Amino acid sequence: MSIYPSKGRLMSRETKREIALQRAAELKARIVDYLDARASIPSGFEAADEIEANRRRIMAYFGATEDDWQDWRWQLKNRVTSVAVLEELIPLTAAEKEAILRVERTYRWAVSPYYLSLMGNDPECPIRRQALPGAAELEDEVGVLDPMDEELTSPAPAITRRYPDRLIINVTNQCAMYCRHCQRRRNIGEVDRSRSRRELEQAIEYIRRNEEIRDVLITGGDALMLSDATLDWLLTELDNIPHVEIKRLGTRVPVTLPQRITPELCRILAKHPPIYLNTQFNHPREVTPAAKAACDRLVQAGVVLGNQAVLLNGINNHPFIMKKLNQELLKIRVRPYYIFHAKPVKGTTHFITTIEEGVEIMEHLRGYTSGLAVPTYIINAPHGLGKTPILPQYVLARNEDHVVLRTWEKRTILYPNLGRRNKRAGA
Ligand SMILES: *Cc1c(COP(=O)(O)O)cnc(C)c1O
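Residues numbered from 1 in each chain as written. Predicted model: local features only at pLDDT ≥ 70, side-chain atom pairs only at ≥ 80, totals over all residues. Heavy atoms only, no water.

(A) Looking closely at the environment of N187. Within the element layout of this structure, N187 appears in helix α10 (residues 185–188). Expressed as a C-alpha distance, the spacing of N187 and Q174, which sit 13 residues apart in the sequence, is 9.2 Å. In this structure N187 touches N173 and R193, once residues within four positions along its chain are discounted. (Helix = DSSP H or I, 4+ residues; strand = E, 2+ residues; numbered from the N terminus. Contact = heavy atoms within 4.5 Å.)

Below is the structure:
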């Protein structure tokens, strides 16, 4: 006898179809609230007219040509770093202006003209909140500079190692934009500096001597703030180490400076497969035609794209925003990989949400949308003890013979542990 006696065995075809139609109606009812809400969370494509008007205004201010705008060096050189320029480009309230002037004495800020063009006029705009200093940065009484103790997990210059088979090379402290929620704020300092060739050589030497390292993540700062030549050299060195199986890049430029993804850069990346690139889109509004064009070029170069969003209070801590973000990302061939719980970094703790909010978001993704749009929610354990996944409870109880599961819709089921009767493979 089957363990699943079929409910449909004795039914007519009409009855079966009737049951399926009822179930379909029930499933449809599960997303009506989202379908109503999603139009009020415009993507960068849906806000394209507003963004284009902003772009024209910013270009006029700088006297920029179309070629200038498409040139990432022009974008970097013209990063906005002062209130005097900012207020010429976007409307600022007196309170916003006062906050920036006060905070910038402690923490630096910089926004590329491109990222500035994504801003809406509402002070609560998710783009503004990621880019412009806010008064709360100075009111932080609980944050610490280095919650991950990165300094204590660096066995060689530029390297952070927290895992058995993979590590990070931290190549620069530079970024196209200084995110207000930055986890490495302590490194951002006042001056941009890249690691010296000597330090990078020592990092490579460490990887060469440790044969268990099969996965090397190049990050910063922003890995793509390196010059094309340095990146080509570094990737070549890693390719020459037989036990390095994959290279990864950590970069936010597809979001903050998509012009950096040039055909020349893509020619270099295409020479060094396999490369996995993880970026950080945090809100659907960041998914713009320009970001898509950059992702298209990367995909054509054979780079595999993933997203590591940060869960941020007042920016994306809502199930509908995260669902739309992850769906928009799949449309531009970026696979949602992680949602990070924000770390207690000094000057950024006003962005931290409750853990319950994170779990609620995961609850509203699994089952409700494509599995491809469901990243893993991660809390970084303190002192560099590693990424720890947080999931809604799907296992309600278990013994040797059964588990009690709850499904995505919260139906409870008893599931038999039949595999206990079979032999295990391997050693
Ligand atoms: C995040 C991280 C990695 C990569 O972790 P994955 O879970 O494999 O993506 C590797 N090393 C360090 C130090 C990290 O912080």
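And the narrative resumes.
(B) Focus on the domain arrangement of the protein. Partitioning the protein into structural domains gives domain 1 (16–391) and domain 2 (395–424). Each of domain 1 and domain 2 has a C-alpha centre, and these two points are 38 Å apart. For the pair domain 1 and domain 2, the summed buried surface comes to about 550 Å²; carbon and sulfur atoms form 45% of the total. In terms of surface lost to domain 2, no three residues of domain 1 exceed R23, R30 and E363, which account for 57% of the buried area on that side. On inspection of domain 1 and its partner domain 2, the count reaches four salt bridges. Linking domain 1 to domain 2 there are four residue pairs in polar contact (both at pLDDT 80 or more). Residue contributions to the side of domain 1 that touches domain 2 peak at three residues, all from helix α1 (residues 13–29). A per-class count over the side of domain 1 that touches domain 2 returns two nonpolar, one polar and five charged. (Domains from an automatic or database assignment. Buried area = accessible area lost by both parts, 1.4 Å probe. Salt bridge = Lys/Arg side-chain N within 4 Å of Asp/Glu carboxyl O. Polar contact = N/O pair within 3.5 Å; in protein donor to acceptor, adjacent residues only side chain to side chain. Nonpolar A, V, L, I, M, F, W, Y, C, P; charged D, E, K, R; others polar.)

(C) Spotlight on the UniProt feature "modified residue: N6-(pyridoxal phosphate)lysine" (unreviewed entry) in the protein. With numbering matched to this structure, UniProt assigns "modified residue: N6-(pyridoxal phosphate)lysine" (unreviewed entry) to K387. Tracing the backbone shows K387 in strand β9 (residues 386–389). By relative accessible area, which is 31% here, K387 ends up partly exposed. Residues within four places of K387 in sequence aside, it is in contact with Y163, Y338, F340, I378, I379 and N380. (UniProt positions renumbered as here; feature names shortened; annotations may be inferred. Buried < 20%, exposed > 50% of the residue type's maximum accessible area, 1.4 Å probe, protein only.)

(D) Structural context of the site of the ligand. Near the ligand the following residues occur: T160, R162, Y163, R166, I168, L217, R248, Y337, Y338 and K387. Contacts to the ligand include R248, whose side-chain N or O atom sits 2.8 Å from an oxygen atom. Residue Y338 places a side-chain N or O atom 2.5 Å away from an oxygen atom belonging to the ligand. In isolation the ligand offers 390 Å² of accessible surface; the protein chains occlude 90% of this area. In a pocket analysis with a 2 Å cut-off to the grid points, the ligand is assigned to the largest pocket. Looking at the shell around the ligand, the elements that each hand over two or more residues are β2 (166–170) and β7 (335–341). Classifying every residue of the shell around the ligand by side-chain character gives five nonpolar, one polar and four charged. (Near = heavy atom within 4 Å. Areas by Shrake-Rupley, 256 points an atom, 1.4 Å probe, with all protein chains shown as cover. 1 Å grid on protein atoms, 1.4 Å probe; cavity = no way out; pocket = protein on both sides within 12 Å on 5 of 7 lines; lining within 4 Å. Sits in = over half its atoms within 2 Å of the grid points.)

(E) How the structure looks around the layout of surface pockets. Reported here for the largest pocket is a volume of approximately 1,000 Å³. Together, 44 residues line the largest pocket, and Q183, R184, T219, Q308 and F340 are the ones closest to its centre. Elements that contribute at least two residues to the lining of the largest pocket include exactly β2, β3 (215–219), β4 (246–250), β5 (275–279), β6 (304–311) and β7. Top contributing element to the lining of the largest pocket by residue count: β7, with four residues. (Points joined across faces, edges and corners; volume = space filled by probe spheres on them.)

(F) Inspection of the UniProt feature "binding site: [4Fe-4S] cluster" (unreviewed entry) in the protein at higher detail. Taken from the UniProt record, the annotation "binding site: [4Fe-4S] cluster" (unreviewed entry) applies to C175, C179 and C182. Taken from the residues named earlier, the lining of the largest pocket is made up of C175, C179 and C182. Locating C175 in the fold gives a position in the loop between β2 and α10. With near-sequence residues (within four places) excluded, C175 lies in contact with R79, G221, D222 and M225. Along the chain, C182 falls in the loop between β2 and α10. Leaving out residues up to four positions away in the same chain, C182 has contacts with I188, V345 and T348.

(G) Quick look at the sheet that holds strand β10 (residues 395–398). Spatial strand order, β10-β11-β12: three strands in an open sheet with antiparallel pairing. The open sheet has two edge strands with one neighbour each: β10 and β12 (412–416). Direction aside, the axes of adjacent strands within the sheet are offset by 20° on average. Summarising the sheet, β10 and strand β11 (residues 402–406) pair through three bridges and their orientation is antiparallel. Following the sheet pairing, R398 is matched in β11 by V403. (Pairing = 2+ DSSP bridges. Axes fitted to C-alpha atoms, helices over the stretch in contact; angles between N-to-C directions.)

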